[in-house]
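Each chain, letter by letter, is given below.
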Amino acid sequence: MRRILVVDDQPDLRLLIRLTLRSLGEVAQASSAEAALAQLAQAVPDLLILDVWLGEGISGLQLCRKLKDAPATAGVKIMLLSACGQQSDVAAGLAAGADHYMVKPFSPEALVEAAAGLLDG
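What counts, and where the lines are drawn
Residues numbered from 1 in each chain as written. Predicted model: local features only at pLDDT ≥ 70, side-chain atom pairs only at ≥ 80, totals over all residues. Heavy atoms only, no water. Pairing = 2+ DSSP bridges. Helix = DSSP H or I, 4+ residues; strand = E, 2+ residues; numbered from the N terminus. Right-handed = clockwise from strand over helix to strand, strands pointing away. UniProt positions renumbered as here; feature names shortened; annotations may be inferred. Buried < 20%, exposed > 50% of the residue type's maximum accessible area, 1.4 Å probe, protein only. Contact = heavy atoms within 4.5 Å. Polar contact = N/O pair within 3.5 Å; in protein donor to acceptor, adjacent residues only side chain to side chain. Axes fitted to C-alpha atoms, helices over the stretch in contact; angles between N-to-C directions. Parallel < 35°, antiparallel > 145°, perpendicular 65-115°, else oblique. Left-handed = near helix turned anticlockwise from the far one by under 90°. Nonpolar A, V, L, I, M, F, W, Y, C, P; charged D, E, K, R; others polar.

S.K.: When you look at the pairing of strand β2 (residues 26–30) in this model, what are you seeing that I'm missing?
M.R.: Every regular strand shows the same layout, with side chains that alternate between the two sheet faces. In the sheet, strand β1 (residues 3–7) pairs with β2 via five bridges, with the strands oriented parallel. By the bridge assignment for β2, I4 is matched with V27. Remark: the β1/helix α1 (residues 11–21)/β2 crossover connection has right-handed handedness.

S.K.: Looking at this model, I keep getting lost on the UniProt feature "modified residue: 4-aspartylphosphate" (unreviewed entry) in the protein chain. Mind explaining?
M.R.: Under the UniProt annotation, "modified residue: 4-aspartylphosphate" (unreviewed entry) lies at D51. As for its position among the elements, D51 is in strand β3 (residues 47–51). For D51, a relative accessible area of 5% puts it in the buried group. For D51, the contacting residues outside a window of four places in its chain are V7, D8, D9, G60, L81, S82 and K104. Within polar-contact distance, the side chain of D51 engages the backbone nitrogen of W53 at 3.5 Å.

S.K.: Whenever I open this one, the packing of helix α2 (residues 33–42) against helix α3 (residues 60–69) confuses me. Can you help?
M.R.: Packed helix pairs are specified by the crossing angle of their axes together with the interaxial distance, meaning the distance between the axes. Following both chains from N to C, one finds α2 and α3 inclined at 25°, their axes separated by 10 Å at the closest point. The angle between α2 and α3 places the two elements in the roughly parallel class. Regarding α2 and α3, the two cross each other, and that crossing is right-handed. Taken together, the residues of α3 that come into contact with α2 (itself represented by A33, A36, L37 and L40) are L63, K66 and L67. Residue composition of the contact of α2 with α3, grouped by class: six nonpolar, no polar and one charged.

S.K.: Honestly, the sheet that holds β2 in this entry has me stumped. Any pointers?
M.R.: Strand pairing in a sheet is mediated by backbone hydrogen bonds. Such pairs are either parallel or antiparallel. The sheet built from five strands is open, its strands ordered β2-β1-β3-β4-β5 with parallel pairing. In the strand order of this sheet, the two ends are held by β2 and β5 (100–103), each with one partner. The mean angle between the axes of side-by-side strands here comes to 20°, regardless of whether they run parallel or antiparallel. As judged from the four bridges shared by β1 and β3, these two strands associate in the parallel manner. Looking at the pairing, I4 lines up with L47 of β3.

In structure tokens form, the structure reads like this:
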């Protein structure tokens, strides 16, 4: 079964994403980059959906860069989610190694389509 890890500091959004993507596989959640790293040490997901701004500590961009630079997690597909939708924001996300950048708010259909494409790609 495919594994998806959703990392966002907003519990309601994590729940929405988990419910939206449950048909694609097992969906785990983390509220911070640090919590995500703890989960990644136990099992590497097939897809990581990562908020760009995670409150205190490591940002989503920093975590993305760190994971793409580490041999054990370099192959994980990463989708960044952000309310920041300027071209420079998207470019920064892709430069950090993200495989896809989605702007909030997003439609559930678009999220499922993008996640399925990354999992199948």
